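So you can see what is in the structure, the chains are spelled out below.
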There are 2 protein chains.
Amino acid sequence: MSTTLKVALLGAGTVGTEVARILDQDAAALTQRAGARLRLSAVVVRDTAADRGPHVPRELITDQAEDAIDGADLVIELMGGIEPARTYITRALSNGASVVTGNKALLAAHGAELFALAKDNDAQLSFEAAVAGAIPILRPLAESLAGDTITKVMGIVNGSTNYILDKMDREGADLADVMAEAAALGFLEADPSADVEGHDAAAKAALLATLAFGAGFSIDQVHTEGITGVSATDVEAARAEDQVIKLLAIVERSEGGVQMRVHPTLISREHPLAAVHGAFNAVFVEAENAGQLMFYGAGAGGAPTASAVMGDLVTAARRSLAGAPDHTVLSATAVPALPIEDAITRYALAIDVTDAPGVLARIAQVFADQGVSIEAMRQTGYPSAGSDAAASASLRIITHAGTQRALDATVAAVTELDVVTGITSVLRVEGN
Amino acid sequence: MSTTLKVALLGAGTVGTEVARILDQDAAALTQRAGARLRLSAVVVRDTAADRGPHVPRELITDQAEDAIDGADLVIELMGGIEPARTYITRALSNGASVVTGNKALLAAHGAELFALAKDNDAQLSFEAAVAGAIPILRPLAESLAGDTITKVMGIVNGSTNYILDKMDREGADLADVMAEAAALGFLEADPSADVEGHDAAAKAALLATLAFGAGFSIDQVHTEGITGVSATDVEAARAEDQVIKLLAIVERSEGGVQMRVHPTLISREHPLAAVHGAFNAVFVEAENAGQLMFYGAGAGGAPTASAVMGDLVTAARRSLAGAPDHTVLSATAVPALPIEDAITRYALAIDVTDAPGVLARIAQVFADQGVSIEAMRQTGYPSAGSDAAASASLRIITHAGTQRALDATVAAVTELDVVTGITSVLRVEGN
């Protein structure tokens, strides 16, 4: 095999060093599969003095990104963040070099612009590593389902929060305790807000919507709620009804546009997403003809994410050699992102009430007045802490599907009832 | 969009009529995604008089396959069986037309020859529908994991047998009763042997191995055992140990070659494959860097399988227009298929013994003599029917990993012990 493609690596952190290791150790197999030798030509880092391990040759380490990019046939961007990643990727694509990136923040903010630039320069911009780590989701959505119509995608796309919720479910533990433990084990960043407040999942939701519906969406269009409000009582109540709480990134085609939201969600234990434990990720897809599909795997970590990067790199090399790069082509007409008030889901509410005759009827009447239909209503064994147990009770209400708007109005009206001492939990319910 | 690609459909059964429906109903979206109008130009059937529903125009129905193939840019083969499918696909590829097929029997027997023919003629041969129905598995294995090394694939790839085993697990029912019910519900063919004896799964195993390991394998190299020997007692014993029995197609890279086998398998209820219920399929993949992945979805049915066909068709159209068809390129050097005697797994055995002192020690000694290491051994509450309950007991033994050869020798030696009245079950165990 005589052809050689030069590969510039921007960023040599956990994933980058794994990419360098695979390029080194599996060189022969990669050459066969790519149809060309993939030769690491530069490793761009900020701190050129730091040791990057045995697979990053010292002589390739540089902080001169422009030179590295200009000398490469393929560029791997693993620096993260918006700048200088955006500038570097723009430079590479303008050179006609294909780019592989795992930068979800950048794509969720500027994806449409970069996809268009790639197409204009007949270069390929691949980003399998940006959504759900090692799980192949980009090609299944873009190619395998190219002859179908995707209606809904629900993903467990943040491993840290799934680890936390799974642990709460298995051990009945409090959120604070599990978070402390997760931090100690390294499952949680020093500043965990991007994970637990749902921002990481929101960026991935925008990317999933972009892939599933062929139009550009950005993170600021995603309604985002984290897991900080999920209590041990919520988890226990779910368990009692054979349900489990997962932080889901949900994107859904709806009349007039696309609904994008990230929030803690009740699903049945029979649902395939319920079997996703620990820090694993999964993406559940509903399509008109294919029905229900699910893709499961490691959502993070050096080697798994590097696997996704390498799959993109080999495929980009093949396409580049064939002179026919793949493009993510988005529709010219924008597809509206719908406001959360229009989201239609089922809800589970926990309401503390005074235990007096007629309370259920009065509450049910409020729901009826607001046009929210009740699927199930029962008194539970979970009066809220601090309430007068003798004189109070807790109700659990599951609604049929309704809009967020109607639910908000219902919650407001129920809160005003003198028999209601508090609404302690409102969670959305997905699946059957 | 001015370009039109003519599509010949060979076969108009359950899947074929769904393909025709989608081509008709979703024409506008398909044109946008494929980059060309996909126009049905002929529907080849044996019985031209039969009505094929509203989406198969009468004037396109013909029994002249050669003319239909020669007039098409893309050919969809959904007839099944070896001939005339093989002749027709050969003709289409020789014409330079890309072919989409769901014909697992043909590919498991003659795949390598057809892939080579496609490459020689710069045409694309796609077959997503041949393995696990709607589940995207072809592209994930061939592209997403192109930069990784796949070590093992375990698939639930036959919906009928998964439906049966799932029902036995949930209801404690006998195989015969569930099979009768499944037949009545249409989940089982009139002649169920291809399903329950594992032959359908074996063809898919050969295809999975071909994709995962980049070398041609055929169905006759797959060790195949069906589910007819699985008893309600086996299922109950598994349940008692928090395990479930699934019919798995397992292909595994091993020293010196590839191991391919289909058999009922014990797996932990915590394993992702254990959560695959009813007639659903799933393919579980282990790769060196990606770790564990799983792909889940409908394994059969008209619309789901048609979704896979349409994904292939749209992608083939795109690649054809770009002048760069995808090829399944197999390694020139053959990779040996290893005999089942070399397969290394754990085993669960149920052994009926006379209930006398020293029995456990004698049996354990036989295992030790044969070099098979015991992980767990316990007396169970399941003496075999008809045995003298007062004087007999049942043992359940789980081994550490060993070869089939050693296990076979152990079983033969244990059977000869005077204290052993029978070995009632031998099942392989996978996962942790």
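Here the structure is a predicted model, which is why all the values come from computation and not from measurement.

About the criteria used
Residues numbered from 1 in each chain as written. Chains lettered and ligands numbered in written order. Predicted model: local features only at pLDDT ≥ 70, side-chain atom pairs only at ≥ 80, totals over all residues. Heavy atoms only, no water. Helix = DSSP H or I, 4+ residues; strand = E, 2+ residues; numbered from the N terminus. Rg over C-alpha atoms; globule rule 2.2 N^0.38 Å. Contact = heavy atoms within 4.5 Å. Areas by Shrake-Rupley, 256 points an atom, 1.4 Å probe, with all protein chains shown as cover. Lys, Arg positive; Asp, Glu negative; His and termini not counted. Charge placed at Lys NZ, Arg CZ, Asp CG, Glu CD. Domains from an automatic or database assignment. Buried area = accessible area lost by both parts, 1.4 Å probe. Salt bridge = Lys/Arg side-chain N within 4 Å of Asp/Glu carboxyl O. Polar contact = N/O pair within 3.5 Å; in protein donor to acceptor, adjacent residues only side chain to side chain. UniProt positions renumbered as here; feature names shortened; annotations may be inferred. Phe/Tyr/Trp six-rings, centres within 6.5 Å; stacked < 30°, edge-to-face > 60°. Buried < 20%, exposed > 50% of the residue type's maximum accessible area, 1.4 Å probe, protein only. Axes fitted to C-alpha atoms, helices over the stretch in contact; angles between N-to-C directions. Parallel < 35°, antiparallel > 145°, perpendicular 65-115°, else oblique. Nonpolar A, V, L, I, M, F, W, Y, C, P; charged D, E, K, R; others polar.

### Remarks on the overall build of chain A
Within chain A, the secondary structure is distributed over 14 helices and 17 strands. Over its C-alpha trace chain A gives a radius of gyration of 24 Å, about what one expects of a compact globule, namely 22 Å for 432 residues. Over its C-alpha atoms, taken along the principal directions, chain A stretches across nearly 85 × 45 × 35 Å. Across chain A, every contact between residues at least 6 apart in sequence was considered, and the portion connecting residues at least 24 apart equals 73%. When the accessible area of chain A is evaluated, it comes to approximately 16200 Å², of which 49% is carbon and sulfur surface. Across chain A, the 30 positively charged side chains and the 54 negatively charged ones have centroids separated by 6 Å.

### Section: the domain arrangement of chain A
Residue and element names in this part refer to chain A. The domain boundaries assigned to chain A delineate domain 1 (4-133 + 302-322), domain 2 (139-298) and domain 3 (340-429). Here domain 1 and domain 2 have C-alpha centroids that lie 28 Å from each other. Counting from both sides, the interface comprises 15 residues of domain 1 and, opposite them, 16 residues of domain 2. The contact between domain 1 and domain 2 buries some 1200 Å² in all, and 68% of this surface belongs to carbon and sulfur atoms. Counting the contacts that link domain 1 with domain 2 gives three salt bridges. For Arg139, the salt bridge identified is with Glu128, shortest N-O distance 3.9 Å. Along the contact surface separating domain 1 from domain 2 lie three residue pairs in polar contact (both at pLDDT 80 or more). Those elements giving two or more residues to the side of domain 1 that touches domain 2 turn out to be α5 (104-120) and α12 (302-322).

### Details of unusual backbone geometry
Residue and element names in this part refer to chain A. Of note, the amide linkage connecting Glu83 to Pro84 takes the cis form, showing an omega dihedral of 5°. Tracing the backbone shows Pro84 in the loop between β4 (74-77) and α4 (85-94). Phi at Asp122 takes a positive value of approximately 55°, unusual for a residue other than glycine. Structurally, Asp122 can be placed in the loop between α5 and β6 (125-126).

### Overview of the UniProt feature "binding site: NADPH" (unreviewed entry) in chain A
In this structure's numbering, the residues bearing the UniProt feature "binding site: NADPH" (unreviewed entry) are Lys104 of chain A. Residues contacting Lys104 of chain A, with those up to four places away along its chain left out, are Ala130, Asp200, Ala203, Lys204 and Leu207 of chain A.

### Points about the environment of Thr161 of chain A
Residue and element names in this part refer to chain A. Tracing the backbone through its elements, the reader meets Thr161 in helix α7 (residues 159-171). As a C-alpha pair, Thr161 and Ala279 span 118 residues in sequence and 7.7 Å in three-dimensional space. Contacts of Thr161, omitting those with residues within four sequence positions, involve Asp195, Val196, Ile227 and Leu247. Within polar-contact distance, the side chain of Thr161 engages the side chain of Asn158 at 2.8 Å.

### Examining the packing of aromatic side chains
Aromatic ring pairs: the centre-centre distance and the angle between the two ring planes describe each pair. Residue and element names in this part refer to chain A. Applying the stated criterion across every chain, the model contains five aromatic pairs over all chains. Note on Phe115 and Phe127: the rings are 5.3 Å apart at their centroids and 40° apart in plane angle, and the pair reads as tilted. Of this pair, Phe115 sits in helix α5 while Phe127 sits in the loop between β6 and α6 (138-144), placing them 12 residues apart in sequence. As far as burial versus exposure is concerned, Phe115 and Phe127 are alike and both buried.

### Thoughts on the packing of α5 of chain A against helix α10 (residues 199-213) of chain A
All names here are of chain A. Running from N to C, α5 and α10 cross one another at 25°; their axes reach a closest spacing of 8 Å. Between α5 and α10, the interaxial angle falls into the category roughly parallel. Contacts between α5 and α10 involve Lys104, Leu107, Ala108 and Phe115 from the first element and Asp200, Ala203, Lys204, Ala206, Leu207 and Thr210 from the second. For the contact of α5 with α10, the class distribution of residues is six nonpolar, one polar and three charged.

### Focus on the side chain of Ser307 of chain B
Turning to its location among the elements, Ser307 of chain B is positioned in helix α12 (residues 302-322). A polar contact is formed between the side chain of Ser307 of chain B and the side chain of Asp148 of chain A, at a distance of 2.6 Å.

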